[in-house]
Amino acid sequence: QVQLVESGGGLVQAGGSLRLSCAASGSGFSINRMGWYRQAPGSQRELIATITRFDSTNVADSVKGRFTISRDNAQNTVHLQMNSLKPEDTAVYYCYAYTRSGDTYWGQGTQVTVSS
């Protein structure tokens, strides 16, 4: 079982920055990849960024050049640095972890609101 705890959401003006973090804890697990989805009101959940255990990253075109994903192996933590935020980035951001045993776990979600 893996628990994911997110932090770092909030309210920011357009053009500003936020850094989201997601810490994984539990026992007996090995994470294959972690990442972030987001879901805006009335929209489907959108995959934003992924990082694998080999540090291979992938970022959605909608945020490329503005968002960066990284991780801290020692602490099983993944970060999402969000720069040049736009009002359309407003959403609930969810961390996920996909383990080597094939299970997917989700964080509780953190609200990001970008004002114009």
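What comes next concerns the included structure.

So, how was this worked out
Residues numbered from 1 in each chain as written. Predicted model: local features only at pLDDT ≥ 70, side-chain atom pairs only at ≥ 80, totals over all residues. Heavy atoms only, no water. Salt bridge = Lys/Arg side-chain N within 4 Å of Asp/Glu carboxyl O. Helix = DSSP H or I, 4+ residues; strand = E, 2+ residues; numbered from the N terminus. Polar contact = N/O pair within 3.5 Å; in protein donor to acceptor, adjacent residues only side chain to side chain. Contact = heavy atoms within 4.5 Å. 1 Å grid on protein atoms, 1.4 Å probe; cavity = no way out; pocket = protein on both sides within 12 Å on 5 of 7 lines; lining within 4 Å. Points joined across faces, edges and corners; volume = space filled by probe spheres on them. Nonpolar A, V, L, I, M, F, W, Y, C, P; charged D, E, K, R; others polar. Disulfide = S-S within 2.5 Å. Buried < 20%, exposed > 50% of the residue type's maximum accessible area, 1.4 Å probe, protein only. Core = buried A, V, L, I, M, F, W, Y, C linked by side-chain atoms within 4.5 Å. Pairing = 2+ DSSP bridges.

**A few points about the pattern of salt bridges**
- One pass over the structure, following the stated rule, counts five salt bridges.
- A salt bridge links Asp55 to Arg71; the nearest nitrogen and oxygen atoms lie 2.7 Å apart. Residue Asp55 is located in the loop between β5 (46–52) and β6 (57–59), and its partner Arg71 is located in strand β7 (residues 67–72); the two are separated by 16 residues in the primary sequence.
- Asp89 is paired through a salt bridge with Arg66; the nearest N and O atoms lie 2.7 Å apart. On the criterion of sequence distance, the pair formed by Asp89 in the loop between β8 (77–82) and β9 (91–99) and Arg66 in the loop between β6 and β7 is long-range, its members being 23 residues apart.

**Focus on the side chain of Glu6**
- Within the secondary structure, Glu6 is located in strand β1 (residues 2–7).
- Within the local environment of Glu6, its side chain forms a polar contact with the backbone nitrogen of Gln108, the two atoms lying 3.5 Å apart.
- Side-chain polar atoms of Glu6 contact the backbone nitrogen of Gly109, separated by 2.5 Å.
- The residues touching Glu6, leaving out its near neighbours within four places in the chain, are Ser21, Cys22, Trp36, Tyr93, Tyr94, Cys95, Gly107, Gln108, Gly109 and Thr110.

**Some details on empty space enclosed by the protein**
- Applying the stated criterion across every chain, the model contains one cavity of 30 Å³ or more.
- In this structure, the largest cavity encloses a volume near 30 Å³.
- Considering every element that reaches the lining of the largest cavity, the biggest residue donor is strand β4 (residues 31–39), with four residues.
- Considering only residue class, the lining of the largest cavity consists of four nonpolar, one polar and two charged.

**Section: the state of the cysteines**
- Per the stated rule, a full pass over the model turns up one disulfide.
- The disulfide partner of Cys22 is Cys95, and the S-S distance across this bridge is 2.0 Å. Negative torsions about the S-S bond denote left-handed disulfides, and the value of about -80° found for Cys22 with Cys95 makes this one left-handed. Of this pair, Cys22 sits in strand β3 (residues 18–26) while Cys95 sits in strand β9; the two residues are 73 residues apart in sequence, bridging distant segments of the chain.
- Accessibility expressed as a relative area gives 0% for Cys22, which makes it buried.

**Remarks on the nonpolar core**
- One finds Leu4, Met34, Trp36, Leu80, Met82 and Tyr93 to be the most contacted residues of the largest nonpolar core, which totals 29 residues.
- Every element with two or more residues in this core is listed here: β1, β3, β4, β5, β7, β8, β9 and β11 (110–115).
- When residues no more than four places from it in sequence are discounted, the contact partners of Met82 are Gly16, Ser17, Leu18, Leu20, Arg66, Phe67, Tyr93 and Val112.

**Considering the pairing of β9**
- The element β9 is extensively covered by neighbouring structure, given that seven of its nine residues are classed as buried.
- Of the strand pairs in this sheet, β4 and β9 are connected by eight bridges, and their pairing is antiparallel. Bridge pairing links Arg38 to Tyr93 in β9.
- Here β9 pairs with strand β10 (residues 104–106) via three bridges, running antiparallel. Across the sheet, Tyr98 pairs through a bridge with Thr104, a residue of β10.

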